[in-house]
Amino acid sequence: MKLNIQNSFTEELPADANLENFTRQVHHACFSWVTPTKTKAPKLIHVNTKVAEDLGFEQDDILSPNFLNIVTGNTIYPNTSPYAMCYGGHQFGNWAGQLGDGRAINLFQVQTTKLHTLQLKGAGKTPYSRTADGLAVLRSSVREYLCAEAMHHLGIPTTRSLSLSLSGDQVLRDVLYNGNPEYEQGAIVGRVAESFIRFGNFQLFASKNDKTTLAALINYTIRTHFPNLKENDTDSYAQLFQEIVNASVTMVVHWQRVGFVHGVMNTDNMSILGLTIDYGPYGWLDNYDPDWTPNTTDKQNRRYRYGQQPNIGLWNLYQLANTFYTLTEDAKPLEKALNSYKTQFEAENLKMMCAKIGVFTPNKQDYILIQSLETNLKLTETDMTLFFRLLAKATTIEDCIVAFYTPQHLKGEILAEWQAWFLQYQTRLEQETLSKKDRIAKMNLVNPKYVLRNYMSQLAIEAAEKNDYSLIDELFTLIQNPYDEQPKYEKWFAKRPDWAKHKIGCSMLSCSS
Ligand code: AMP
Ligand code: MG
């Protein structure tokens, strides 16, 4: 086992001088040194060989006990020192102060063709664990492990999954927060990203007016992740902010494209590289419902509902702009970047929605066609994934019938609305130059055939809780090629079954993970 370790984050940024592992406020430091907690009986459930190879692990390494011990925090890779990052964040619209990696521990950074950080989620308490245990349970770990890979193969920027393991320890969780805690199997996900820096890492120092540490972190970010920009230069800082705006727009447009709802878009869960990060109570739209959120904690306000994600992306960037302002003291370029969010989002979103319906030369009127499509999708429960996939080949709206949860509703006024839309749509398609065959092929590259529906993960979890990991294997294979026809897996190209409509884990999730 020989990895090309390059720990720039810990070598170049200030560390917390206190080496003890107890909950505390940390000042003037970007991270605290912390050792993962040893686990009782670690066991690998799944390894993502491709990501392992990207990091420099060889096939023999992956099969070795050493690998299992590293990805469960029981062995520390030679000459490395694990650490937890210090960050803050706005949670549900309010400044929450210091948060930090409460149950994530970074093991090391590796340089290959790019820089990777390997992080364990659920490997024990850190100085940022506050009142919680630093652990994760099997159900939420399966969800994170599979979903990050599903997103990656859909072409969406995300953290990656390396490994899914059982710790062998029992973890107490009150799933519904209703006073019925139960023991569940503890698990650890090894996850990888070029960087795990969040909006909240920058925000925390601005909130304390610690400009020195803020500048150090921003300069590190520039040096390491945006080498085209200059350190110690306020214009470059504003450009960095613009880069973060651009990356965030792209990420959110992708989420809207596939019907992914993050569920907890707090600023501590927003990556400065525009990666989808922290898979908690996320979900996928089954029926197209812009008001849907999977997160029970957010049931009242639905702040993080599907249709609101673009606005929340901007709200979060406003908070980050305030942070940058403490260093640049020039609002103009930051405002310009914020204003560009709206124009970029509108343009990219229209282009994306047009591509979903096979319009590849969008014009200014197309948004009307898209708007009436969105209105129609809500007339009666319509499955988003099935609808767009079937639309490619449809010659009448009835060809999409299996996308409707209650097909018998497709009559009377509802049918008339759909037929009117379909007619307009056909007329619009006539202005396109692509052949039908090419149009279908291009539509199939933006409209996935298979997404990781909420009930699918739930089935994999229920089996895994009984020590049967075959469905994890199957879904892991399925999600590698979400845009391809996979006749073997045709059963997953189907609407959510009725039993899943209101089931916990399938329709609603709590933050308890
Ligand atoms: P999240 O909502 O998962 O993004 O978490 C928000 C904050 O709570 C982060 O600082 C997490 O590290 C922390 N946190 C969440 N769950 C736990 C846990 N079981 N133990 C310790 N800290 C946690
Ligand atoms: Mg988080």
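Here we summarise the structure given alongside this text. Computed from a prediction, not measured in an experiment: that's the story for all the values here.

Criteria and thresholds
Residues numbered from 1 in each chain as written. Chains lettered and ligands numbered in written order. Predicted model: local features only at pLDDT ≥ 70, side-chain atom pairs only at ≥ 80, totals over all residues. Heavy atoms only, no water. Near = heavy atom within 4 Å. Polar contact = N/O pair within 3.5 Å; in protein donor to acceptor, adjacent residues only side chain to side chain. Areas by Shrake-Rupley, 256 points an atom, 1.4 Å probe, with all protein chains shown as cover. 1 Å grid on protein atoms, 1.4 Å probe; cavity = no way out; pocket = protein on both sides within 12 Å on 5 of 7 lines; lining within 4 Å. Sits in = over half its atoms within 2 Å of the grid points. Nonpolar A, V, L, I, M, F, W, Y, C, P; charged D, E, K, R; others polar. Domains from an automatic or database assignment. Donors = N, O, S within 2.8 Å, 3.2 Å for Na, K, Ca; no water. Buried < 20%, exposed > 50% of the residue type's maximum accessible area, 1.4 Å probe, protein only. Points joined across faces, edges and corners; volume = space filled by probe spheres on them. Helix = DSSP H or I, 4+ residues; strand = E, 2+ residues; numbered from the N terminus. Disulfide = S-S within 2.5 Å. Phe/Tyr/Trp six-rings, centres within 6.5 Å; stacked < 30°, edge-to-face > 60°.

## Structural notes on the site of ligand 1
Taken together, 17 residues lie near ligand 1, and Gly100, Gly102, Arg130, Gly134 and Asn269 sit nearest. Leucine 135 has a polar backbone atom sitting 3.3 Å from a nitrogen atom of ligand 1. One nitrogen or oxygen atom from the side chain of aspartate 278 is found 3.5 Å from an oxygen atom belonging to ligand 1. When ligand 1 is considered free in solution it has 480 Å² of accessible area, and contact with the protein chains removes 82% of it. Applying the majority rule of atoms within 2 Å of the grid points places ligand 1 in the largest pocket. When grouped by side-chain class, the residues that make up the shell around ligand 1 number four nonpolar, six polar and seven charged. In terms of domain composition, the shell around ligand 1 takes at least three residues from each of domain 1 (8–196) and domain 2 (200–355).

## Thoughts on the coordination of the magnesium ion (ligand 2)
Protein-derived coordination of the magnesium ion (ligand 2) comes from Asn269 (OD1) and Asp278 (OD), at a distance range of 2.0 to 2.2 Å. Given a relative accessible area of 14%, aspartate 278 falls into the buried group.

## Some words on the layout of surface pockets
The rolling of a water-molecule-sized probe over the atoms marks out the regions of remaining empty space. The volume enclosed by the largest pocket comes to roughly 920 Å³. Partitioning the lining of the largest pocket into residue classes produces 13 nonpolar, 12 polar and 10 charged. Along its surface, the second largest pocket is lined by 24 residues, and Phe345, Glu346, Asn349, Leu350 and Glu374 are the ones closest to its centre. Its residues assigned to classes, the lining of the second largest pocket shows 14 nonpolar, five polar and five charged. The residues that make up the lining of the second largest pocket include at least three from each of domain 2 (200–355) and domain 3 (360–443).

## Some remarks on empty space enclosed by the protein
Evaluation of the coordinates by the stated rule reveals three cavities of 30 Å³ or more. By volume, the largest cavity is sized at about 80 Å³. Taken together, Arg103, Lys121, Ala136, Ser140, Ser141, Glu144, Val189, Tyr279, Gly280 and Ser513 make up the lining of the largest cavity. Top element by residues in the lining of the largest cavity is helix 5 (residues 138–153). It accounts for three residues. Partitioned by chemical class, the residues of the lining of the largest cavity number three nonpolar, four polar and three charged. Estimates place the volume of the second largest cavity at around 50 Å³. Lining the second largest cavity are Arg257, Val258, Lys356, Met384, Thr385, Phe388, Arg389, Asn447, Pro448 and Val451. Looking at the lining of the second largest cavity, the elements with two or more residues in it are helix 8 (234–258) and helix 12 (384–391).

## With respect to the state of the cysteines
Throughout this description, disulfide means a covalent bond between two cysteine sulfur atoms. By the definition in use, this model includes zero disulfides. We note that cysteine 400 lacks a disulfide partner, and the nearest cysteine sulfur, in cysteine 354, lies 17 Å from it. Sulfur of cysteine 506: no disulfide; nearest cysteine sulfur belongs to cysteine 147 and is 14 Å away. On the basis of relative accessibility, which here comes to 3%, the residue cysteine 506 falls in the buried class.

## Comments concerning the packing of aromatic side chains
Here the distance between the centres and the angle between the planes together describe a pair of aromatic rings. Summed over the entire model, instances satisfying the criterion amount to 27 aromatic pairs. Plain terms: the ring middles of phenylalanine 260 and tyrosine 279 are 6.1 Å apart, the flat faces sit at 65° to each other, and that makes the pair edge-to-face. With phenylalanine 260 in strand 11 (residues 260–261) and tyrosine 279 in the loop between strand 11 and strand 12 (283–284), this residue pair connects regions lying 19 residues apart in the sequence. Both residues of the pair, phenylalanine 260 and tyrosine 279, belong to the buried class. Plain terms: the ring middles of phenylalanine 260 and tryptophan 284 are 5.4 Å apart, the flat faces sit at 70° to each other, and that makes the pair edge-to-face. Remark: tryptophan 284 occurs in strand 12 and phenylalanine 260 occurs in strand 11; sequence separation between them is 24 residues. We note that phenylalanine 260, like tryptophan 284, is buried.

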